[in-house]
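One letter stands for each residue in the lines below.
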Amino acid sequence: PFTLFDSMLRFTKRTDLWNEATVSGGTTNFLTNESSIELKTTVASGDTVLRRSRRYFPYQPGKSLMMMASFAGNQPLAGLVQEVGYFDDNNGIMLRANGTTVQFVVRSKASGSVIENVINQSSWNIDTFTGLDFSKVNILIIDLEWLGVGRVRCGFVVDGEIRYCHEFNHANNINSVYMTSAVLPVSYRIHNSSAIASAATLKQICTSVVSEGGYQPSGPIYIAGR
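Each value, and the rule that gives it
- Residues numbered from 1 in each chain as written.
- Predicted model: local features only at pLDDT ≥ 70, side-chain atom pairs only at ≥ 80, totals over all residues.
- Heavy atoms only, no water.
- Core = buried A, V, L, I, M, F, W, Y, C linked by side-chain atoms within 4.5 Å.
- Buried < 20%, exposed > 50% of the residue type's maximum accessible area, 1.4 Å probe, protein only.
- Contact = heavy atoms within 4.5 Å.
- Salt bridge = Lys/Arg side-chain N within 4 Å of Asp/Glu carboxyl O.
- Helix = DSSP H or I, 4+ residues; strand = E, 2+ residues; numbered from the N terminus.
- Pairing = 2+ DSSP bridges.
- Axes fitted to C-alpha atoms, helices over the stretch in contact; angles between N-to-C directions.

Caption draft 1: Just the nonpolar core, in detail. Counting residues in each nonpolar core, the largest one holds 50 residues, and the members touching the most others are F104, W124, L144 and Y188. Once residues lying within four places of it in the same chain are set aside, the contact partners of L144 are Y59, K63, S64, L65, Y86, I93, R151, V152, Y178 and A182. Of all hydrophobic cores here, the second largest spans five residues; its members include M66, V157, Y164 and V210.

Printed below as a string of structure tokens:
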């Protein structure tokens, strides 16, 4: 394994690594003693907080890309959307609590429009993980074989062991690539799609992105000053 990115929020929000955007009453709060960041919304419809890595991480064909992200979600509420994963606005893979329904999602703009393949927890094809408590601290794991048409596995690390819950199989099943690109950022997002019963908090903790099977840079590397 070759580490492409790791982030600990031990002392600051790490604005060198993460972008942050808030809408309406959305706010963030750095928790010094928890080495975490609260993404917070009020009860108002439209409140949103998004924290997204500044970098889009390189993918190399023939090597698995693995992402792990630790978080503590809010107790799922009607009207509240919580998302953690490897995604941007057009493509990616994520864990989502949409209201009271927990889902794994593959988002794609391969057709020219953003389309999502959404699998509810009750339909996960490896382990429906009925004991999952979204409001507790959890470690999300996603590994993906892109090659345009490969497999995606999603699950959690529990008691030191990887517990895969669902896999999306694309080869020999679809007519084109399952998403436009595997070069994507890590994102944490909380959003009120409607008014909610009580203020909500999603905690961002640690993140790692790894190229499994090594990594061999090719071509020039560019850096944009900010």
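Caption draft 2: Region of interest: the pattern of salt bridges. Under the counting rule described, the total for this entry stands at 14 salt bridges. The partner of K40 in a salt bridge is E38, and the shortest N-O contact between them spans 3.9 Å. A relative accessible area of 13% places E38 in the buried class. The closest approach of N and O atoms between D127 and R163, which form a salt bridge, is 2.7 Å. Remark: R163 occurs in strand β13 (residues 161-168) and D127 occurs in the loop between β10 (115-120) and β11 (137-144); sequence separation between them is 36 residues. Taking the relative accessible area as the measure of exposure, R163 reaches 32% and is therefore partly exposed.

Caption draft 3: Focus on unusual backbone geometry. In this structure, S24 is a non-glycine residue whose phi angle is positive, near 55°. Topologically, S24 is positioned in the loop between β2 (18-23) and β3 (27-31). Among the residues examined, S24 registers a relative accessible area of 63% and is labelled exposed. Notably, D159 is not glycine yet its phi reads approximately 55°, a positive angle. Tracing the backbone shows D159 in the loop between β12 (152-158) and β13.

Caption draft 4: Layout of the sheet that holds strand β9 (residues 101-108). Read across the open sheet, the seven strands follow the order β2-β5-β14-β7-β8-β9-β10; overall the sheet is antiparallel. In this open sheet, the two strands that pair with only one neighbour each are β2 and β10. If you compare each strand with its neighbour and ignore which way they point, the axes differ by 15° on average. Relative to strand β5 (residues 48-53), β2 runs antiparallel, the two sharing six bridges. Across the sheet, the residue bridging to T22 is V49, located in β5.

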